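Listed below, chain by chain, are the residues.
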Amino acid sequence: MYHSFEVDGVDHRLWLSASQQGYRLHLCDQVIAPVAFTRHSDSSGILTIAGESEPVRFAIEGELIHLHIRGRTRVLRYNDPLRTLVSGNDEARPRVARAPMPGVVVATTVSPGQQVSAGMALMMIESMKLETIIRSPQDGIVDRIHVKEGESFERDAVLVTLCKEGR
């Protein structure tokens, strides 16, 4: 699954893939390997890219990531790829969270009838040994959970349906 970060108004798409040495970072047409992150606390760690390690400090506020590395602080905005998969523009139509890749549901953190806000975790999925949190694309009420824990699904499958108001 690709991830998208906005830095200084420029959108950067990237993704990670598994390799024998850990992970490879795919950024535009570049492949950088190996890539690893060792977390030391809730706000710091060591980022290793192509054998070079750098201490990193960070703070996460919703979609904003404040990142301090090499004496500079950057603000990154994470653009959730699931928001691009939300169906429909009409306010009356139900909204759905779709699978960004094939996988298996590991855990569901909401239930039908529950009110959710944009960015709230709906479920955890696993694909290619990587766990991903599926977040609510908008405020609403969980109408239906389409895939149960332990069940598999394909890319673009509807995982959770939201409605604007309860039924």
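Residues numbered from 1 in each chain as written. Predicted model: local features only at pLDDT ≥ 70, side-chain atom pairs only at ≥ 80, totals over all residues. Heavy atoms only, no water.

K.L.:
Hey, could you run me through the nonpolar core in this one?
P.N.:
One recurring pattern in soluble globular proteins: nonpolar side chains tend to sit buried together. Of all hydrophobic cores here, the largest spans 16 residues; its most connected members are M123, I125, F153, L159 and V160. Going through the elements one at a time, β12 (121–127) and β16 (158–163) are the ones with two or more residues in this core. When residues no more than four places from it in sequence are discounted, the contact partners of I125 are P100, M101, V104, V105, V106, L130, E131, T132, I134, F153 and L159. Core analysis: the second largest hydrophobic core is formed by seven residues, V7, L14, V35 and L76 among them. (Core = buried A, V, L, I, M, F, W, Y, C linked by side-chain atoms within 4.5 Å. Buried < 20%, exposed > 50% of the residue type's maximum accessible area, 1.4 Å probe, protein only. Helix = DSSP H or I, 4+ residues; strand = E, 2+ residues; numbered from the N terminus. Contact = heavy atoms within 4.5 Å.)

K.L.:
Teacher, can you tell me more about the sheet that holds strand β1 (residues 3–7) here?
P.N.:
Sheet strands associate in pairs through backbone hydrogen bonding, adopting either a parallel or an antiparallel arrangement. The eight strands lie next to each other as β1-β2-β3-β4-β5-β6-β7-β8, forming a closed barrel whose pairing is antiparallel. Each adjacent strand pair in this sheet contributes to an overall mean axis angle of 35 degrees, direction not counted. For strand β6 (residues 52–61) and strand β7 (residues 64–69), the ladder comprises six bridges, and the chain directions are antiparallel. By the bridge assignment, R57 is partnered in β7 with H68. (Pairing = 2+ DSSP bridges. Axes fitted to C-alpha atoms, helices over the stretch in contact; angles between N-to-C directions.)

K.L.:
Mind showing me how you'd approach the environment of A18 here?
P.N.:
With respect to the helices and strands, A18 occurs in strand β2 (residues 10–19). Once the C-alpha coordinates of A18 and L130 are considered, the two residues, 112 residues apart in sequence, prove to be 9.0 Å apart. Setting aside anything within four residues of it in sequence, one finds A18 in contact with Y23 and R24.

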